[in-house]
Each structure stands twice: as C-alpha cells, then as structure tokens.
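What follows is each chain in one-letter form.
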Amino acid sequence: MRHAHTAEQVRAAEAALIARLPEGTLMGRAAAGLAAVCAGLLPRVYGSRVLVLAGSGDNGGDALLAAARLARRGARAEALLLDPARAHAAGLAALLAAGGRTTADPDAFTRADLVLDGIVGLGGRGPLRPAAAPFATLPRRGPVVAVDVPSGVDPDTGEVAGPALRADATVCFGTHKPGLLIDPGARYAGTLHLVGIGLDLPPAPVEALQRADAAALLPVPGAESDKYRRGVVGVAAGSARYPGAAVLAVAGALYGGAGAVRYTGHAAAEVVRRHPEALVTEDGPARAGRVQAWVVGPGGGADAERALREALDTGVPVLADADALTELARLGPAATAGRPAPVLLTPHAGEAARLLAGLGEDADAEQVAARRLWAARRLAAGYGATVLLKGSTTVVADPDGRARVNTTGTGWLGTAGSGDVLAGLAGSLLATGRTPLDAGSAAAHLHGLAGREAAGRGGPITALDVAAGLHGAWAGLRAPDGDR
Ligand SMILES: NC(=O)C1=CN([C@@H]2O[C@H](COP(=O)(O)OP(=O)(O)OC[C@H]3O[C@@H](n4cnc5c(N)ncnc54)[C@H](O)[C@@H]3O)[C@@H](O)[C@H]2O)[C@@H](O)CC1
Ligand SMILES: Nc1ncnc2c1ncn2[C@@H]1O[C@H](COP(=O)(O)OP(=O)(O)O)[C@@H](O)[C@H]1O
Ligand SMILES: [K+]
C-alpha cells in the first residue's frame, strides 16, 4: 500500500523525532536521499551543472544540503535564492563550503543539467509567488527534481491554484503526500521516489492500492462455494432508449467475482443475446429475486427513479451510477444518509457537481475535477455513502474521510460506456461481501489495468474491450510476481 499523510501529520511526527535526535539529523537524512536520486538522474555527477531554486524554508534547506553533497562529488552547483535575506543559513553555508555559488541569473535555470525545486514544500499554500512564478514556464534542458512536493501544488489535496513547477521526479520524505497522488497535482510530480527518514506516522488518511493490495481484495471461491454463496449481483440498468448500458454493466458484473448476475430492466432481450449466462426479468428490484447487492442507473433513463427507490428499499448494498445519481441529486441526501446497508455512489465530475448542488455546494464539473479529494469527501459525508469519483485520478472516499486513490488507468478509458462496465464490476465485488471502499478501489484498479491492457501501446478502445480485458487483468493480479 502506498500511504499519504497530510502536512500536519508529518510535522507532528517530525517534532516527536526531532526531540530525540541531534540537531540537523532529519534534514541530513532527507538531503542524502535527495542527492542520491539526483545523482542517479545525471549521466555523471562530476562537472554537471546543478541549479537549486531555494525558497526561505526547510524545503530550500533540503535542496541546498543536497546540492552541497553533489558539489562535493564535483558538480557545479549554483543556488538561486528567491528571498536571499531569509535563505536557509545552514544549507547555504554547506553549499558554499562545498564550492557551490549563488547566482541571480534566471538563465541558469535553462542552462542547468538538473534543477532542484526547493522553492516550497509542506509549507506551501496557494500559487507560486511572483519571484518564483516565471520558472513554471521557462524552457529547461535537464530534469527538474521536486523536493518533497512540486512547488505550487497543494501537498494535502493536489489542488493547483496557479503557476506550479512541473517536475520530472519528486523525492518525498517520510511518506507520500496526497497531492502527489491526486490530479491535477499528480501530473506535476513525475516519477515518485520515497526517502525514509524514520518518522513514526499515524494511519494514513489517503492510500493507493498497489498490485498486491488489489490482489488481496479479490474474492477466491472456496471448495464449498456455489453460485449463490459466491454472491448474486442485481443489475437494474438500460432502458428501451439505452439498451447498450445494460449490456455493458452486465459485462462488468460478470467479471466482478459474483457467482451470478440477475438483470432487470427493459433491455432484457439485448442482455440475453449478448450474455446468455445472465438471469433476466423485467420486474424491477423489488420483485427480481434475491441478490446480495444492486447496481442501479447506467442507461436507466426514466426507469432509474423507480429502480433506485426499490433498490434502496431492499436491505442489501446499493451502487448508484449515472441516471440513478441524477435522481439522487433531486431527492437529496435524506434518501441515502442513515440507510443501514451501505451505498456506493460512482459519479463522474458532472454528476458529482449535481450531487454537490443537492448539498447546497456550488461547484461545476471543472471545479470538481480541480478539487477531487474535497468533492469526494464532501459527497461521502453529505450522502452518508462511499463515493467513487471517476476521472483522471479516481478517488474513493468513505463517509469517515478515509480515501483511496487509483493509480492504474489510461486516458483512453474516457470512452462512452466504460463507466457502465465499472459500475457492474464494482457492484459485483460488493455482492461478494467486500466493503464499498474495498469493492470500489479494487474495481477501479482492475478497470484501469484492463483499460491499459486494451489500449496496448496506445490507441482507442471501446467499453467492450475494457470488459474483455477484465479476465486478464484479474488473472494477472493473481499470478505470482514476475508472471506479468
Ligand atoms: N516536516 C518534516 O518532517 C520534514 C521536513 N523537511 C523539509 O521541510 C519542508 C517544510 O519546510 P518549512 O516548514 O520551512 O516550509 P517550506 O520550506 O515548505 O515553505 C516555507 C516558506 O515558503 C514560503 N511560501 C509559502 N507558500 C509559498 C508560495 N506559494 N510560493 C512561494 N513561497 C511560498 C513561506 O513564506 C515560507 O517562508 C518539507 O517540505 C521538507 O522539504 C525535511 O527536511 C525533513 C523532515
Ligand atoms: N483522463 C482519464 N484518465 C483515466 N481514466 C479516465 C479518464 N477519463 C475518464 N476515465 C475513466 O473512464 C470511465 C468513464 O466513465 P463515465 O464518465 O461514467 O463514462 P460513461 O458514462 O460513458 O460510461 C471512468 O472509469 C473514468 O474514471
Ligand atoms: K518543492
């Protein structure tokens, strides 16, 4: 599992450690790890031009100390101090003692073989200040390495309020920060390198499943399993107008681990033609027979209102997507908050904006995409439901604020109907008894792998390609390390 902690949590852990260690120990550890990553990015350290953009805080101190280490190995290290009067004294002294220099020439940025972004780290708030902002757009020759966080990215949320420095690599200390994992911030971070500095941290509020974590969440049938014991997932989707969404949601559900898929809706003929293994009825969730979880909404059109109402009246977990979310936004949070069985909502940014309006929050789809963690958490708390917010970084948030971010996927997944496949898949995992957080995050992980697999080295994919890739994605996750 990749763990991400807030600046406040890191600072508290740091304070506890600093009290026990000789002065400068932690920064020394951070700088040593940082210098090692930089050395690995340079063809050779000796003679390379290294530029430090140094802000006035400890982030600048880390960068200066790392540059001093590189200077001792023969690098031509220069520091551009953004606020010379408040530069980190010990860091600057170390750099000068190692033969480094200061410069005020902004062209040094373009000449450098490697730039260390030590403008601002955990202390950063808001867009880069005027002295630092121009570096966001200047041409560069070598890689930019962000110290702890790319400057201009909010460490706790990944929000980017204005100019920010795009890094090729980020070296973060002690733990990941949510802003490194969540777009738009994640797009500024490049490759992530974690340097341990010995912090004793509390449970992480934000996590990202790695391969083994996702694999551990997938159900495995036991010797005694049969189709009912494995779980039956109900899918109330599609309509005379949108039969395709039903076919796609059932396709996802068939590969989510449930033992059977029960379909109800007005696309039964299309569903059976494509998926003869589905059990179909037109009766609606209230009379469709026993299931362990309901998926309602994809392509549901006008039928979604009744399907949502009936599904919420059952005692089993409900996943609401697409038209069921539009309906829920109209009904408001009273429809889900306090329901004894769990609810999983799977909005894209536009649907999230509608749901937020139901909570009195005014944010359009673009603002949701810019504030993904906030939007997912606000919806989860407001609707008393787990929320899987789709998009370039899918975020799954529980009502208690705990969140998981997805690291698989490809932009090619932004294709009509791929969300329907995801809804079926996640609902199927719910029916096998996973919690909504586990079902949602495992589904997003598998869906992203299947999308990547389908896209191969790059090229358009269809939602059915994604569904077709799910078996391989699942089997690949289950395979012992090295099989893929
Ligand atoms: N807290 C920890 O556990 C550790 C922290 N370390 C380093 O210390 C950093 C945090 O240091 P500080 O608390 O001194 O804070 P920072 O160095 O992140 O920033 C503080 C300074 O940046 C200025 N600033 C804030 N927002 C800005 C913006 N948008 N544009 C330009 N300037 C801005 C502030 O006025 C302040 O002077 C971490 O990111 C990390 O690099 C490491 O040395 C080791 C451990
Ligand atoms: N830029 C992107 N990068 C990765 N995944 C994306 C991106 N854009 C969309 N997706 C994924 O594609 C799927 C699209 O779902 P959705 O918006 O509901 O489409 P539809 O309603 O047509 O099925 C979601 O799983 C979403 O996370
Ligand atoms: K930085």
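On a predicted model such as this, the values are computed, not experimentally measured, just so you know.

A. Structural detail: the pattern of salt bridges. Counting across every chain of the model gives 17 salt bridges. A salt bridge links R111 to D105; the shortest N-O distance between them is 3.5 Å. With a relative accessible area of 36%, R111 lands in the partly exposed category. Taking the shortest distance from any N to any O, the salt bridge between D148 and K177 comes out at 2.9 Å. Of this pair, D148 sits in the loop between β6 (144-147) and β7 (169-173) while K177 sits in the loop between β7 and α6 (178-181), and the two are 29 residues apart along the sequence. Assessed through its relative accessible area of 6%, D148 is described here as buried. One salt-bridge network, in which partners are shared between bridges, spans E207, R404 and D438.

B. Representation of the packing of helix α3 (residues 58-72) against helix α4 (residues 89-97) within the structure. Between α3 and α4, whose axes approach to 8 Å, the crossing angle comes to 15°. What the angle tells us is that α3 and α4 run roughly parallel. Handedness of the α3/α4 crossing: left-handed. Contact with α3, carried on its side by G61, L64, L65, A67 and A68, involves A90, G91, L92, A94 and L95 of α4 and no other residues of that element. For the contact of α3 with α4, a count of residues per class yields eight nonpolar, two polar and no charged.

C. Expanded view of the site of ligand 2. The immediate surroundings of ligand 2 are formed by 17 residues, with K390, G391, L413, G417 and G419 found nearest. At 2.9 Å, a backbone N or O of L413 approaches an oxygen atom of ligand 2. Contact distances for ligand 2 include 3.2 Å between an oxygen atom and a side-chain N or O atom of S418. If one sorts the elements of the shell around ligand 2 by residue count, helix α16 (residues 418-431) sits on top with four residues. Split into classes, the residues belonging to the shell around ligand 2 amount to three nonpolar, 12 polar and two charged.

D. Highlighting the domain arrangement of the protein. Domain annotation for the protein reports domain 1 (2-208) and domain 2 (211-478). Of the residues lining the interface, 13 residues belong to domain 1; the matching set on domain 2 comes to 17 residues. Carbon and sulfur atoms supply 51% of the area that domain 1 and domain 2 bury against each other, a total of about 1,100 Å² over both sides. For the pair domain 1 and domain 2, the number of links is two salt bridges. Note that E207 is salt-bridged to R404, the shortest N-O span being 2.9 Å.

E. Molecular detail of the coordination of the potassium ion (ligand 3). At the metal site, the potassium ion (ligand 3) is ligated by N59 (OD1), D117 (O), V120 (O), V147 (O), V149 (O) and S151 (OG), and these contacts range over 2.6 to 3.1 Å. Around the potassium ion (ligand 3), the six donor atoms are arranged such that angles at the metal cover 65 to 168°; this shape is classified as irregular. Given the relative accessible area of 25%, V120 is considered partly exposed. The class of V147 is buried, set by a relative accessible area of 0%.

F. Expanded view of the sheet that holds strand β4 (residues 101-102). With respect to topology, seven strands assemble into an open sheet ordered β4-β3-β2-β5-β6-β7-β8, the strand pairing being parallel. Pairing within the sheet leaves two strands with one partner each, and these edge strands are β4 and β8 (191-195). Where strand β2 (residues 49-54) and strand β3 (residues 76-81) come together, six bridges link them in parallel fashion. Bridge pairing in β3 places L53 opposite L80. Packing of helix α2 (residues 25-41) onto the sheet brings it into contact with β5 (114-118), β6, β7 and β8, and relative to β7 it is tilted by some 160°. Against the sheet, α3 contacts β2, β3, β5, β6 and β7, and its axis sits at roughly 150° relative to β5.

G. A look at the site of ligand 1. Close contacts around ligand 1 come from 23 residues, with S56, D58, D62, G121 and P127 the closest. G121 has a polar backbone atom sitting 2.5 Å from an oxygen atom of ligand 1. One of the backbone nitrogen or oxygen atoms of G123 is found 2.9 Å away from an oxygen atom of ligand 1. Relative to its free-state accessible area of 870 Å², ligand 1 is covered by the protein chains to the extent of 88%. At the level of elements, α1 (7-18) and α3 are the ones that each hand at least two residues to the shell around ligand 1. In the shell around ligand 1, the residues fall into eight nonpolar, seven polar and eight charged.

H. Seen up close, the UniProt feature "domain: YjeF N-terminal" (unreviewed entry) in the protein. This chain's UniProt record puts "domain: YjeF N-terminal" (unreviewed entry) on residues 10-205. With 32% helix and 17% strand, the stretch residues 10-205 has end C-alpha atoms that lie 12 Å from each other.

I. Quick peek at the packing of helix α13 (residues 349-357) against helix α15 (residues 372-383). It is at 10 Å that the axes of α13 and α15 come closest, and there the two elements cross at 45°. By the criterion of interaxial angle, the relationship of α13 to α15 is oblique. Here α13 runs over α15; the crossing is left-handed. Residue-level contacts link A352, L355 and L356 of α13 to W374, A375, R378, L379 and Y383 of α15. Along the lines of polarity and charge, the residues of the contact of α13 with α15 split into seven nonpolar, no polar and one charged.

What counts as what
Residues numbered from 1 in each chain as written. Chains lettered and ligands numbered in written order. Predicted model: local features only at pLDDT ≥ 70, side-chain atom pairs only at ≥ 80, totals over all residues. Heavy atoms only, no water. Salt bridge = Lys/Arg side-chain N within 4 Å of Asp/Glu carboxyl O. Buried < 20%, exposed > 50% of the residue type's maximum accessible area, 1.4 Å probe, protein only. Helix = DSSP H or I, 4+ residues; strand = E, 2+ residues; numbered from the N terminus. Axes fitted to C-alpha atoms, helices over the stretch in contact; angles between N-to-C directions. Parallel < 35°, antiparallel > 145°, perpendicular 65-115°, else oblique. Left-handed = near helix turned anticlockwise from the far one by under 90°. Contact = heavy atoms within 4.5 Å. Nonpolar A, V, L, I, M, F, W, Y, C, P; charged D, E, K, R; others polar. Near = heavy atom within 4 Å. Polar contact = N/O pair within 3.5 Å; in protein donor to acceptor, adjacent residues only side chain to side chain. Domains from an automatic or database assignment. Buried area = accessible area lost by both parts, 1.4 Å probe. Donors = N, O, S within 2.8 Å, 3.2 Å for Na, K, Ca; no water. Tetrahedral: all angles 85-135°; square planar, octahedral: opposite > 155°, others 65-115°. Pairing = 2+ DSSP bridges. Areas by Shrake-Rupley, 256 points an atom, 1.4 Å probe, with all protein chains shown as cover. UniProt positions renumbered as here; feature names shortened; annotations may be inferred.

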